Number of protein chains: 2
Amino acid sequence: MASFAKATAVRPIGDGRFDVTVDPQWSIGGKPHGGYLLALLARAAGQLAPREHPHVTAISGSFLSPPAFGPAEVRAEVLRAGRGVTQLRASLTQDGRPVVEALITQGLLDDQDPVWSGAEPVELPDESECFRSPVDPPGGMHLPLMEVVELRVNPAQLGFAVGSPTMRGELSAWMRLDDGSDWDPWSLLVALDTLPPVSFDLGHPGWAPTIQLSAYLRRLPAPGPIRVRMHANDLGGERLDETALAWDSKGRLVAQATQIAGVRIADR
Amino acid sequence: MASFAKATAVRPIGDGRFDVTVDPQWSIGGKPHGGYLLALLARAAGQLAPREHPHVTAISGSFLSPPAFGPAEVRAEVLRAGRGVTQLRASLTQDGRPVVEALITQGLLDDQDPVWSGAEPVELPDESECFRSPVDPPGGMHLPLMEVVELRVNPAQLGFAVGSPTMRGELSAWMRLDDGSDWDPWSLLVALDTLPPVSFDLGHPGWAPTIQLSAYLRRLPAPGPIRVRMHANDLGGERLDETALAWDSKGRLVAQATQIAGVRIADR
């Protein structure tokens, strides 16, 4: 199994370009995982930021087409080198064609508690009482990502798997990296998009490809598992919005994301 | 007063470039309004999309530096021309320097009701019982935007103006365009960032400049006023996240946004 660090290794080849490899382990249903691709982009672009801005703190990505597994190139550019942040753009390209385009803000995260918090950590049963998502669910897609991310979904929300979704548009889970390494700002980009589409919980079990996704990293996570809650506000016009919030083992918000995804309502 | 249509007029000059004018009417405290700048970018980039994709449906922007009022140029590029959407990037430049960089998804919106909704419209007193925000609040910044956008904030949340914020991190309001024109996908980009920073409601009355903002347009709004609720999840590390949801006069979600903004906690 490719560790996250190895799967997101980047090799600078000069002029803001980086050789990367799209790793098949970090994939879902035969396609590279979106959060993993953003992590690749952030790792590469981050190398152009100064030492004072070592962390990805915000990233917005447009998903153009799923890249093939194997070699790819990141092309990154500093848009503004500021005192507090470095703002960049980056493009993941394959055969000279962009497949994911991103805007990135690099800065400095710390592990301080929030000054104010309005988002209580999602309540979940103990990890041992949540079911680990399988790599090959019955009648479902092949999910190599579930080998490297230990995803334990709230059993009260697993009705979708037996045709009885709660219809509340919400899923939540514990997550750990399977190799025992701790979460960091880049791997949190994976965690923010690892739950099944919440449309599953709304009676629409088809895949929901991400069109645009934006994530903010809020602080360095404490060691241990994270809790992630994903919910939707509106399903219509063949689009679903999803908001993910991730809390560390100390119950502090460490990352958050929103995305707009396509959903084929007619497929039912 | 410059109407929204006039203030966001774009003139193609070929090769994906557009002449625009940054209008001082659509400004806050001497700086162009962020949502207005995104609307300028979307209007220009949209001209590169085919007739089948007439609407901005998603936009993510990185705010690099506040542009000066007056002439500017948008440079836009189609990243992927798909069947359902056209994905683009666009840059607002002044003196050849990027000031706002954006990723845009153009598509086709309709005015259909949602298949499912999990976000009830925010409850507000009648418009007549909400106070219209002034252009020149006592001791505050000059806000020309408040001449063109009729912002009527929930009076129960106005404690911040007298030093008694609710500390709930939430503000909500009715909004209309002052000239009587109806909301559209582009002007909704303004509405999503027109409430004061919700840090005002958390006892931090300093300005909160947007670093990145992402908005999704969900359907064409019904005529009449919209309701917008903005709330925060976490304030810390000199950063505040804000989520805005906008409902039309039929109570349907028409637009939503998240942003990460800078807040100087030490300024208190």
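Conventions used here
- Residues numbered from 1 in each chain as written.
- Chains lettered and ligands numbered in written order.
- Predicted model: local features only at pLDDT ≥ 70, side-chain atom pairs only at ≥ 80, totals over all residues.
- Heavy atoms only, no water.
- Helix = DSSP H or I, 4+ residues; strand = E, 2+ residues; numbered from the N terminus.
- Rg over C-alpha atoms; globule rule 2.2 N^0.38 Å.
- Buried < 20%, exposed > 50% of the residue type's maximum accessible area, 1.4 Å probe, protein only.
- Contact = heavy atoms within 4.5 Å.
- Areas by Shrake-Rupley, 256 points an atom, 1.4 Å probe, with all protein chains shown as cover.
- Lys, Arg positive; Asp, Glu negative; His and termini not counted.
- Charge placed at Lys NZ, Arg CZ, Asp CG, Glu CD.
- Buried area = accessible area lost by both parts, 1.4 Å probe.
- Salt bridge = Lys/Arg side-chain N within 4 Å of Asp/Glu carboxyl O.
- Polar contact = N/O pair within 3.5 Å; in protein donor to acceptor, adjacent residues only side chain to side chain.
- Pairing = 2+ DSSP bridges.
- Least-squares fit on C-alpha atoms with pLDDT ≥ 70 in both.
- pLDDT = per-residue confidence, 0-100.
- Expected span 1.5 Å × (residues − 1).
- Phe/Tyr/Trp six-rings, centres within 6.5 Å; stacked < 30°, edge-to-face > 60°.

A. Inspection of the overall build of chain A at higher detail. Looking only at helices and strands, one finds 4 helices and 17 strands in chain A. Here chain A has a C-alpha radius of gyration of 18 Å; the compact-globule value for 268 residues is 18 Å, and the two agree. For chain A, the C-alpha atoms occupy an extent of roughly 55 × 45 × 35 Å along the three principal directions. In chain A, buried positions account for 62% of the 268 residues. Of the contacts formed within chain A by residues at least 6 apart in sequence, a portion of 68% connects residues at least 24 apart. Accessible area for chain A stands at about 10400 Å²; split by element, carbon and sulfur atoms hold 50% of it. Distance from the positive charge centre (24 side chains) to the negative charge centre (32 side chains) of chain A: 4 Å.

B. Looking closely at the side chain of B:S62. With respect to the helices and strands, the residue B:S62 is situated in strand β5 (residues 55-63). Classification of B:S62 as buried rests on a relative accessible area of 1%. B:S62 has contacts with A:Q87, A:L103, B:V99, B:V100, B:E101, B:I211 and B:Q212, leaving out every residue within four places of it along the chain.

C. Geometry of the interface of chain B and chain A. Counting residues at the interface gives 53 residues for chain B, matched by 54 residues for chain A. Together chain B and chain A conceal approximately 4300 Å² of surface at their shared face, both sides included; 53% is due to carbon and sulfur atoms. One can count 8 salt bridges joining chain B with chain A. One salt bridge connects B:D234 with A:R219, and the closest N-O pair in it is separated by 3.0 Å. In this structure, the connection of chain B to chain A is made through 35 residue pairs in polar contact (both at pLDDT 80 or more). Of the pairings in the sheet, the one linking strand β15 (residues 234-236) of chain A to strand β9 (residues 116-117) of chain B comprises 2 bridges and is antiparallel in character. By the bridge assignment, A:L235 is partnered in β9(B) with B:W116.

D. Up close: the environment of B:N154. All names here are of chain B. By the element assignment, N154 lies in the loop between β11 (149-153) and β12 (170-177). Accessibility expressed as a relative area gives 9% for N154, which makes it buried. Expressed as a C-alpha distance, the spacing of N154 and L220, which sit 66 residues apart in the sequence, is 25 Å. If near-sequence neighbours (up to four positions away) are discounted, N154 is found in contact with E123, L124, P125, C130, S172 and A173.

E. Inspection of the relation of the copies chain B and chain A at higher detail. With an RMSD of 0.0 Å, the operation that places chain B on chain A is a rotation of 180° combined with a shift of 0.0 Å along the axis. With respect to symmetry, the two chain copies, as superposed, fit the operation of a two-fold axis. Taken as a fraction of all interface residues of chain B, those also at the interface in chain A reach 100%, which identifies the copy contact as same-surface.

F. Expanded view of the side chain of B:T8. All names here are of chain B. Tracing the backbone through its elements, the reader meets T8 in the loop between α1 (4-7) and β1 (11-14). Reaching out from T8, the side chain makes a polar contact with the side chain of R43 at a distance of 3.0 Å. In this structure, T8 is in contact with Y36, A39, L40 and R43, ignoring residues within four places of it in sequence.

G. Layout of the pattern of salt bridges. One pass over the structure, following the stated rule, counts 30 salt bridges over all chains. Here B:R89 and A:E101 are joined by a salt bridge, their closest N and O atoms 3.9 Å apart. Taken together, the positions of B:R89 in strand β7 (residues 86-94) and A:E101 in strand β8 (residues 97-107) put the pair across two chains. The exposure classification of B:R89 matches that of A:E101, with both residues buried.

H. Here's a closer look at unusual backbone geometry. Residues and elements named next belong to chain A. Not every positive phi belongs to a glycine, and E238 is a case in point at roughly 60°. For E238, the location among the structural elements is in the loop between β15 and β16 (239-247). E238 sits in the partly exposed class, given a relative accessible area of 35%.

I. How the structure looks around the pairing of strand β6 (residues 70-81) of chain B. Residue and element names in this part refer to chain B. For strand β2 (residues 17-22) and β6, the ladder comprises 6 bridges, and the chain directions are antiparallel. Bridging from a neighbouring strand, V20 pairs with A72 of β6. Bridge analysis of β6 against β7 gives 8 bridges, and the strand direction is antiparallel. When the bridges of β7 are listed, A81 appears paired with T86.

J. Just the pairing of strand β8 (residues 97-107) of chain B, in detail. All names here are of chain B. By the criterion of burial, β8 is predominantly enclosed, with 9 of the 11 residues buried. As paired elements, β7 and β8 share 9 bridges and run antiparallel to each other. Bridging from a neighbouring strand, T93 pairs with P98 of β8. The loop that links β7 with its antiparallel partner β8 comprises 2 residues; one of these, D95, has a positive phi angle of about 55°.

K. How the structure looks around the confidence of the model for chain A. Chain-level statistics for chain A give a pLDDT mean of 96 and a share of 99% at 70 or above. Among the prediction metrics, the complex's ipTM stands at 0.97, with pTM recorded as 0.97.

L. How the structure looks around the environment of A:I28. Residue and element names in this part refer to chain A. Positionally, I28 belongs in strand β3 (residues 27-28). Each C-alpha atom, one on I28 and one on L143, is 4.7 Å from the other, the two residues being 115 residues apart in sequence. In this view, I28 contacts H33, M141, H142, L143, L145, M146 and W207; residues no more than four positions away in its chain are not counted.

M. Seen up close, helix α2 (residues 34-46) of chain A. Residues and elements named next belong to chain A. Between the first and last C-alpha of α2 there are 18 Å, a value that for 13 residues agrees with the 18 Å anticipated at 1.5 Å per step. Of all 13 residues making up α2, 12 are buried, and the element is well covered by its neighbours. Within α2 the residues assigned to the buried category are G34, G35, Y36, L37, L38, A39, L40, L41, A42, A44, A45 and G46.

N. The packing of aromatic side chains, seen in detail. All names here are of chain A. Evaluated as defined, the whole model comprises 8 aromatic pairs over all chains. Pairing W26 with Y36 gives two aromatic rings, centres 6.2 Å apart and planes at 20°, and the pair type is stacked. Pair noted here: W26 is in the loop between β2 (17-22) and β3 and Y36 is in helix α2, with a separation of 10 residues, a long-range link. Like W26, the residue Y36 is buried in the burial classification. Through pairs of rings, three or more aromatic residues link up here, namely F4, W26 and Y36.

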